[in-house]
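The primary structure of each chain is shown beneath.
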Amino acid sequence: MDETAKPLRIPPEMAIYAEKHEIFDLVQTLVTNLMVDKPEDPIQYLIVLLKRGSVEVPRVMLLGPPASGKRTVARKLCEHTQVIHITDSNILKEDTDLTKKALQYKAKQQEIPGDLWIKLIQQRLSKIDCVRRGWVLEGIPQTREEALSLQEAGVAPNHVVLLEAPDAVLIERSQGKRIDPVTGDVYHVTFIWPEDKEVVQRLERLKAVSEKQLVAQLMQHHREVHALRKTYRNCLKVIDADQPHVDVFDQVLTYILSRHCSVAPHTPRVLLFGPPGSGKSLLAKLISQKYNIVNLCCGELLEAVSADATNMGELIKPYLESGQQVPDSMVLQILTERLSRLDCTTRGWVLHGFPRDLEQAEKLQESNFIPSRVFFLEMTDDVAIERVTLRSIDPVTGERYHSLYKPAPSPEVQTRLQFNPKDSEAQLLRQLKEYWANASSLQDLYPEAVHINADQDPHTVFESLESRLVGRLQNDA
């Protein structure tokens, strides 16, 4: 696109609507489903998917060494979530030409070719039960080559779980395994024993695997596991399997039900409230610098407009020169024009100095400039008075100083320091009275706002604010 032809204004309601209804996430999920399932009729497929209500179904790979408990966890997971349990053995039970071809290799005790095996997996996962309910692949893939081939075939898991335990524990577990021939459930003489006496009576030993064979299998797993970790690092969760199977399952289930951090574009819209001296200007500057969003101080914006030879500048200049408050209608017109510019709509913004009361806040919302994060910086009036009335500026260097926190470096600098008349205690007390008169109604308007103790080191306050800025709030989950 020609840079000079870019629009100067993007309606703010577009981004707000897209974020509120998770449009970007929806599109990403739909495209992922298309690439995985590869339907013959993509449009009809998407229509059915959207009608289903939930377009995102579990797609899980459950990996781990022999005897790590994959079968037990997979079965319980499928019972709990109603997804389809896929193993190498039940893939070969399908009555298809591909399966028959694969069984011919098995009959000759030959390894199934990799490309044929991938087609078999892809064929099973494309069936309607897996498409609608999701799936758990138990012990698949086993190698990086197999993992990459699955990726090329469009088999993309939402979650990958890797169970790990010391080799000594795995060897001990392997020797004590028992299986229920009726249900196929696996038990262990020490770790998992059925309560039902009928089940106990029909348990059978699993086909014996010698310790030498098991060690060889473990060595093979260790050779491949690092590459598998790397392949699925963006959706991988490693869980310690050397603990009660109930605890292992709870951790796996919690992870499977979690949502990954969204990669949808997000433009931060931040409002900072706080009494004079609470550090709004500094925090806005730090946020703007770190996240490359637009820093908007309402007072500075009005001064910049009054300095321009525009009609609006001429209209507000008398108010600023006489110290009167600029009418809300003018402030809102100036502010909404600035917030509508391309840099604010594409990069986001942090606003302070407006709104000051409930009426201004409601008008800002009516203009569709709705913040995604609101912060109230809290401190007592005594602290505010100490911070504001004792600050000064060096007219030569422009450096700011404070009698307690940052005193002048020399007597020469001290003698030329100037105090802003607006920082007088009388003026500050009027500002504090005005702030607290409106604080309660503003907090009611923004019930999800985050309250932060501003009576701390500024960088500590920034870290606390930042953790809430980048992380999900409860109402975002």
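Up top you'll find the structure we're talking about.
This section reports on the structure supplied with the text. In this text, all values refer to a predicted model and were calculated from it rather than measured experimentally. (Residues numbered from 1 in each chain as written. Predicted model: local features only at pLDDT ≥ 70, side-chain atom pairs only at ≥ 80, totals over all residues. Heavy atoms only, no water.)

1. A short note on helix H16 (residues 311-322)
Turning to step 1, where the next piece is worked out: Buried within H16 we find Met312, Gly313 and Ile316. Along the axis of H16, the buried residues cluster in a sector spanning 85°; they form a single face. Those residues of H16 that are exposed and angled more than 90 degrees off the buried face are Asn311 and Glu321.
Turning to step 2, where the next piece is worked out: Residues of H16 that are buried in the fold lie against helix H15 (298-307) and helix H17 (328-339). (Buried < 20%, exposed > 50% of the residue type's maximum accessible area, 1.4 Å probe, protein only. Helix = DSSP H or I, 4+ residues; strand = E, 2+ residues; numbered from the N terminus. Arc of directions from axis to C-beta. Contact = heavy atoms within 4.5 Å.)

2. Details of the packing of helix H10 (residues 167-175) against helix H12 (residues 211-231)
Turning to step 1, where the next piece is worked out: Two elements in contact, H10 and H12, have axes separated by 11 Å at closest approach and are oriented at 135°. Relative to H12, H10 is oriented oblique. For the pair H10 and H12, the sense of crossing is right-handed. From H10, Asp167, Leu170, Ile171 and Ser174 reach across to H12, where they touch Glu211, Leu214, Val215, Leu218 and His222.
Turning to step 2, where the next piece is worked out: Here the residues of the contact of H10 with H12 sort into five nonpolar, two polar and two charged. (Axes fitted to C-alpha atoms, helices over the stretch in contact; angles between N-to-C directions. Parallel < 35°, antiparallel > 145°, perpendicular 65-115°, else oblique. Left-handed = near helix turned anticlockwise from the far one by under 90°. Nonpolar A, V, L, I, M, F, W, Y, C, P; charged D, E, K, R; others polar.)

3. What about the pattern of salt bridges?
Turning to step 1, where the next piece is worked out: A full pass over the atoms with the stated rule returns 15 salt bridges.
Turning to step 2, where the next piece is worked out: Salt-bridge contacts for Lys127 lead to Glu94; the nearest nitrogen and oxygen are separated by 3.8 Å. Of this pair, Lys127 sits in the loop between helix H7 (114-125) and helix H8 (128-133) while Glu94 sits in the loop between helix H5 (88-91) and helix H6 (97-107), placing them 33 residues apart in sequence.
Turning to step 3, where the next piece is worked out: Taking relative accessible area as the criterion, Lys127 reaches 31% and is therefore assigned partly exposed. (Salt bridge = Lys/Arg side-chain N within 4 Å of Asp/Glu carboxyl O.)

4. Some details on the sheet that holds strand E11 (residues 349-352)
Either a parallel or an antiparallel arrangement is found when strands of a sheet pair, and the pairing is made through backbone hydrogen bonds.
Turning to step 1, where the next piece is worked out: Across the sheet, five strands lie side by side as E10-E11-E9-E12-E15; this open sheet has parallel pairing. Each edge of the sheet is formed by a strand with only one pairing partner; in this case those strands are strand E10 (294-297) and strand E15 (450-453). Geometrically, the sheet is characterised by an average inter-axis angle of 20° between neighbouring strands, direction not taken into account.
Turning to step 2, where the next piece is worked out: Note: strand E9 (residues 269-273) against strand E12 (residues 373-378), four bridges, orientation parallel. Bridging from a neighbouring strand, Leu271 pairs with Val374 of E12. (Pairing = 2+ DSSP bridges.)

5. Points about the pairing of E11
Turning to step 1, where the next piece is worked out: Burial along E11 is two-sided: Trp349 and Leu351 facing one way and Val350 and His352 facing the other are all buried.
Turning to step 2, where the next piece is worked out: Here four bridges tie E9 to E11, and the two strands are oriented parallel to one another. Residue Leu272 lies in a different strand from E11, and its bridge partner there is His352.
Turning to step 3, where the next piece is worked out: Of the strand pairs in this sheet, E10 and E11 are connected by four bridges, and their pairing is parallel.

6. Let's talk about the sheet that holds strand E1 (residues 59-63)
Turning to step 1, where the next piece is worked out: Spatial ordering of the open sheet is given by E2-E3-E1-E4-E8, a layout of five strands whose pairing is parallel. The open sheet has two edge strands, strand E2 (84-86) and strand E8 (236-240), and neither has a second partner. Looking at each pair of strands side by side, their axes are set apart by 20° on average, direction ignored.
Turning to step 2, where the next piece is worked out: Bridge analysis of strand E4 (residues 159-164) against E8 gives five bridges, and the strand direction is parallel. Residue pairing for E8: Val161 is matched across the bridge by Lys237.
Turning to step 3, where the next piece is worked out: Where H12 meets the sheet, its contacts fall on E1, E4 and E8, and the angle it forms with E4 comes to roughly 150°.
Turning to step 4, where the next piece is worked out: The strands touched by helix H13 (residues 245-256) are E1, E4 and E8; relative to E4, the strand with the most contacts, the crossing angle is about 160°.

7. A closer look at a negative patch on the surface
Turning to step 1, where the next piece is worked out: Together, Asp381, Asp382, Glu386 and Asp455 give the surface a local cluster of negative charge.
Turning to step 2, where the next piece is worked out: Structurally, Asp381 is set in helix H20 (residues 381-389). (Patch = residues over 30% accessible without salt bridge, like charges linked within 9 Å, V, L, I, M, F, W, Y side chains within 5 Å. Areas by Shrake-Rupley, 256 points an atom, 1.4 Å probe, with all protein chains shown as cover. Lys, Arg positive; Asp, Glu negative; His and termini not counted. Charge placed at Lys NZ, Arg CZ, Asp CG, Glu CD.)

These figures come from the coordinates and say nothing about function on their own.
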